[in-house]
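Summary of the model geometry
What follows is each chain in one-letter form.
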Amino acid sequence: MVTSVFESSKIDRFSLPDEKGHFGQYGGMYVPETLMTALYELEKVYRSSKDDPSYKDELNYYLAEFAGRSTPLYFAERLTDHVGGAKIYLKREDLLHTGAHKINNVLGQIILAKKMGKKRVIAETGAGQHGVATAAGAARFGMKCVIYMGAVDMERQALNVFRMRLCGAEVVSVEAGQKTLKEAINEAMRDWVTNVKNTHYILGSALGAHPYPMMVRDFHRIIGQETKEQILEKEGRLPDELIACVGGGSNAIGMFFDFLEDESVKLTGIEAGGTEITCGNHAARFEGGKLGVLQGCKTYILQDHDGQINLTHSISAGLDYAAIGPEHAYYRDRGRINYGYATDSEALEAFQQVSKLEGIIPALESSHALAFAIKRAADLSKDQILVVNLSGRGDKDVEQVEKILTNV
Ligand SMILES: *Cc1c(COP(=O)(O)O)cnc(C)c1O
């Protein structure tokens, strides 16, 4: 256990990452030489665009009119009463167009791609949420769109494949290795190397080589900015704790970033505990992961002694990945963000409980954060406040959950 005392006065969150993309010892740009130019160009365009009023106006327009921002900060009154402890608020990213927070990042990147004169976008997807958001964005901006998806995931998420195709995207089945997300990312990188002149790669989480972790984080900061404003309006004070699930880590860092300097606010990221914390049965990188390099960045990775990537498992495809975003590793070392995990069965329980008590069917990913929040709230007093990031809706998961609940 790393327990360092966090001193906010010593953290300048805007100084991170450095110009080479490092968050302390994490992050960086571990990619083939051929991609370095593309990454540098992307960084340059991003840095010059992010404070450009015309870029910001266009992005804000689409966030509001196409995606449906701002999202409500909803007081889950019946869940709170049921648990009998701290007040539980839900940040309703599930209400966004295409069903999850992913669209915030897709819009940010696609408008950047347009600015760079790129006519084609590609993306990887695991569960299909990022693929659907990318396909929808590409349709809106009239861009050619290719989505790489593992063959196994395509079978598991057939409906999302159809959604992408309806939006005009070409979905390419990846047959290598485990035929899931990791292989899909490899294939997308290969495409990018070959077609970098006219193609932008819309990476879907706060992961990969610099500038992606920084850029994706920035596109999701709106979650935390809105949360802060909304909770101050509703409660007149900051919350005691923010809780979010962590796959690559984009919805979590997006919600946490604008609270990093508010020492009174505890920040907690929840990983996928799977069936149990033993090799191959979970995706909790901070429970048994080690420092390594995967797909462009240095971070905590589930790997064996030879550096081969371990198999991972989670009931939720969106949390089922062997590496965690580098910024999370950094703030964990500093003691600023705490991490825990929820198991498959705990998430499944929270999924049903929140559906029944609130009439809100949460994504299985978000259900991990909810499971943890329900336990935490019970230990706190009624005048304390928790905010959970409801990163997505559970429509995509109902078929899978029905199967699990009726077969066992
Ligand atoms: C993709 C996804 C996640 C995990 O990704 P992060 O980058 O960790 O946010 C979580 N929740 C939902 C609903 C997702 O679609």
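That block above? That's the structure.
Residues numbered from 1 in each chain as written. Predicted model: local features only at pLDDT ≥ 70, side-chain atom pairs only at ≥ 80, totals over all residues. Heavy atoms only, no water.

What follows is about the sheet that holds strand S7 (residues 170-174). Sheet architecture is open: four strands sit in the order S7-S6-S5-S8, paired in parallel fashion. Looking along the sheet, the strands with just one partner apiece sit at the ends: S7 and strand S8 (199-201). Recorded for the sheet is a direction-independent mean angle of 25° between the axes of neighbouring strands. Here strand S5 (residues 120-125) runs beside S8; their pairing, made up of three bridges, is parallel. Pairing of Arg120 across the sheet is with Thr199, part of S8. (Pairing = 2+ DSSP bridges. Helix = DSSP H or I, 4+ residues; strand = E, 2+ residues; numbered from the N terminus. Axes fitted to C-alpha atoms, helices over the stretch in contact; angles between N-to-C directions.)

Looking now at the environment of Thr227. Here Thr227 shows up in helix H9 (residues 212-235). Separated by 162 residues in the primary sequence, Thr227 and Asn389 place their C-alpha atoms 9.4 Å from one another. When near neighbours in sequence (up to four residues on either side) are disregarded, Thr227 contacts Leu73, Lys91, Leu242, Met255, Phe259 and Val387. (Contact = heavy atoms within 4.5 Å.)

Ordered by their spatial adjacency, six strands build an open sheet running S3-S4-S14-S9-S10-S13, and the pairing between neighbours is mixed. Strands with a single pairing partner mark the edges of an open sheet, and in this sheet they are strand S3 (73-75) and strand S13 (337-343). In this sheet, neighbouring strand axes are inclined to one another by 30° on average, regardless of whether the strands run parallel or antiparallel. Sheet topology places strand S4 (residues 87-92) next to strand S14 (residues 385-390); six bridges connect them, and they run parallel. By the bridge assignment for S14, Ile88 is matched with Leu386. Packing of H9 onto the sheet brings it into contact with S3, S4, strand S9 (241-245) and S14, and relative to S4 it is tilted by some 140°.

Turning our attention to the site of the ligand. Around the ligand, the structure places 17 residues, and the nearest of them are Lys102, Ser205, Gly247, Ser250 and Asn251. Measuring from an oxygen atom of the ligand, one finds a side-chain N or O atom of Lys102 at 2.7 Å. A distance of 3.2 Å separates an oxygen atom of the ligand from a polar atom in the backbone of Gly248. About the coverage of the ligand: the protein hides 96% of its 380 Å² of free accessible area. Taken together, the residues of the shell around the ligand sort by class into four nonpolar, 11 polar and two charged. (Near = heavy atom within 4 Å. Polar contact = N/O pair within 3.5 Å; in protein donor to acceptor, adjacent residues only side chain to side chain. Areas by Shrake-Rupley, 256 points an atom, 1.4 Å probe, with all protein chains shown as cover. Nonpolar A, V, L, I, M, F, W, Y, C, P; charged D, E, K, R; others polar.)

Among the secondary structure elements, Glu65 is positioned in helix H2 (residues 53-67). A C-alpha to C-alpha distance of 39 Å links Glu65 and Arg334, two positions 269 residues apart in sequence.

Let us look at the packing of aromatic side chains. Under the definition given, this model contains 12 aromatic pairs. Look at Phe14 and Phe257: their rings are 5.6 Å apart centre to centre, the planes differ by 80°, and that puts the pair in the edge-to-face class. Here the residue Phe14 occupies a position in the segment before strand S1 (22-23), and Phe257 occupies one in the loop between helix H10 (250-256) and strand S10 (266-274), the gap between them amounting to 243 residues. Relative accessible area serves as the criterion here: at 51%, Phe14 is assigned to the exposed category. When the ring of Tyr330 is compared with that of Tyr331, the centres are 5.1 Å apart and the planes differ by 75°; the resulting orientation is edge-to-face. Put simply, the rings of Tyr26, Phe286, Tyr300 and Tyr339 touch in pairs and so form one group of aromatic residues. The cationic tip of Lys87 hangs over the ring face of Phe75; the distance from NZ or CZ to the ring centre is 5.2 Å. Taking NZ or CZ as reference, Arg140 lies 5.6 Å from the ring centre of Phe141, over its face. (Phe/Tyr/Trp six-rings, centres within 6.5 Å; stacked < 30°, edge-to-face > 60°. Buried < 20%, exposed > 50% of the residue type's maximum accessible area, 1.4 Å probe, protein only. Lys NZ or Arg CZ within 6 Å of the ring centre and 35° of its normal.)

Before going further, it helps to spend a moment on the side chain of Glu226. Position of Glu226 among the secondary structure elements: in helix H9. Here Thr71 takes part through its backbone nitrogen, which lies 3.2 Å from a polar atom of the side chain of Glu226. When near neighbours in sequence (up to four residues on either side) are disregarded, Glu226 contacts Arg69, Ser70, Thr71 and Lys91.

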